[in-house]
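Listed here are the chains, written in short residue letters.
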Amino acid sequence: MAEVQVDEVEGGERRRRRPLAEYAAELEAVGLSVRAAPPLRLKALVRACHHALALFDLLGVEAGFWKTEYAERLVALERAAEAMDSAEELVDRDVAAGRVRATGTHSNNLVRVKRGIELKRALFQLMLAQLQQQRPGGGGVSFDGVVSMAYAAVFARYHDKNVQSTVADSICAIPVKSISDFFATINETGTVPSIIHL
């Protein structure tokens, strides 16, 4: 099974991190902030999304490319946040420059990060549904099965057949095989239902 960095040393003491809970809490704070005082602040969004990087480690070596690409987009948005406070300002600048759909623009990076959030939301909703339907001793859908379903729901329509085939091969190679193994690996056993409200 893949190892995820869930231990960290703070003030000389080792503590167990809970990356999923941290990610959910940060996204919840971003959502509350936007509802209370729009617009969406880039720095807060990027900070929240950095917590999701630990989840890529569970997907095995095949997911290294996805993690790198996601991290590069976050770094680009982090740099953009130095000059632009909000996502709205970022998109407005790309629209004014006629580059809103161009690959590698801030708008494009923002869309990819948004889809990443949607993918994780779909994945966790599917896992929660499986856990709620699972009977004692029953098998249920495997972890790679729910990853496949989440990918199909969010990303597949944007990818050609070659990319879809590569993603399918990568999903089959995921070392974590069950949903309960996934939660145990990221230090979330016993608290699953309360944290999957992304």
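Report on the accompanying structure. (Residues numbered from 1 in each chain as written. Predicted model: local features only at pLDDT ≥ 70, side-chain atom pairs only at ≥ 80, totals over all residues. Heavy atoms only, no water.)

## Structural notes on the packing of aromatic side chains
Which entries qualify depends on this criterion: Pairing of aromatic rings covers Phe, Tyr and the six-membered ring of Trp, with a centre-to-centre limit of 6.5 Å; geometry is then stacked below 30 degrees between planes, edge-to-face above 60, and tilted otherwise. By the criteria applied, helices consist of DSSP H or I runs no shorter than four residues and strands consist of E runs no shorter than two, each listed in order from the N terminus. A simple rule labels every residue: compare its accessible area, found with a 1.4 Å probe on the protein chains alone, to the largest value its type can have, and call it buried under 20%, exposed over 50%, or partly exposed in between.
Applying the stated criterion across every chain yields a total of 4 aromatic pairs. Centroid distance phenylalanine 124 to phenylalanine 182: 6.0 Å. Interplanar angle 40°. Geometry classified as tilted. With phenylalanine 124 in helix α6 (residues 106-133) and phenylalanine 182 in helix α9 (residues 179-185), the pair connects residues that are 58 residues apart, well separated along the chain. Per residue, the accessibility class of phenylalanine 124 equals that of phenylalanine 182, and both read buried. Between phenylalanine 143 and phenylalanine 182, the aromatic rings sit 4.8 Å apart at their centres with planes inclined by 20°, giving stacked as the arrangement.

## Examining the pattern of salt bridges
Counted only if it meets this: A side-chain nitrogen of Lys or Arg and a carboxyl oxygen of Asp or Glu constitute a salt bridge if their distance falls within 4 Å.
Counting across every chain of the model gives 7 salt bridges. Put simply, glutamate 26 and arginine 47 hold a salt bridge, and the shortest N to O gap is 3.4 Å. Taken together, the positions of glutamate 26 in helix α1 (residues 19-36) and arginine 47 in helix α2 (residues 42-50) put the pair 21 residues apart, joining distant regions of the chain. Judged by relative accessible area, glutamate 26 falls into the partly exposed class, the value being 21%. A salt bridge links arginine 73 to glutamate 69; its shortest N-O distance comes to 3.1 Å.

## Observations concerning the packing of helix α7 (residues 143-154) against helix α8 (residues 161-172)
Note the following rule: Axes here mean lines fitted to C-alpha atoms, for a helix over just the part in contact, with angles spanning 0 to 180 degrees between N-to-C directions. Comment on the angle field: the value is read as roughly parallel under 35 degrees, roughly antiparallel over 145, roughly perpendicular from 65 to 115, and oblique elsewhere. A clockwise turn of the near helix away from the far one marks a right-handed crossing, whereas an anticlockwise turn of less than a right angle marks a left-handed crossing. By definition, residues are in contact when any of their heavy atoms lie within 4.5 Å. Residues are grouped as follows: nonpolar covers Ala, Val, Leu, Ile, Met, Phe, Trp, Tyr, Cys and Pro; charged covers Asp, Glu, Lys and Arg; every other residue, Gly included, is treated as polar.
Running from amino to carboxyl end, α7 crosses α8 at an angle of 160°, the nearest separation of the two axes being 9 Å. When the axis of α7 is compared with that of α8, the two are roughly antiparallel. Two packed elements cross with a definite hand, and for α7 against α8 that hand is right-handed. Side by side, α7 and α8 meet where Asp144, Val147, Ser148 and Tyr151 of the first sit next to Val163, Gln164, Val167, Ile171 and Cys172 of the second. Looking at side-chain class alone, the contact of α7 with α8 contains 6 nonpolar, 2 polar and 1 charged residues.

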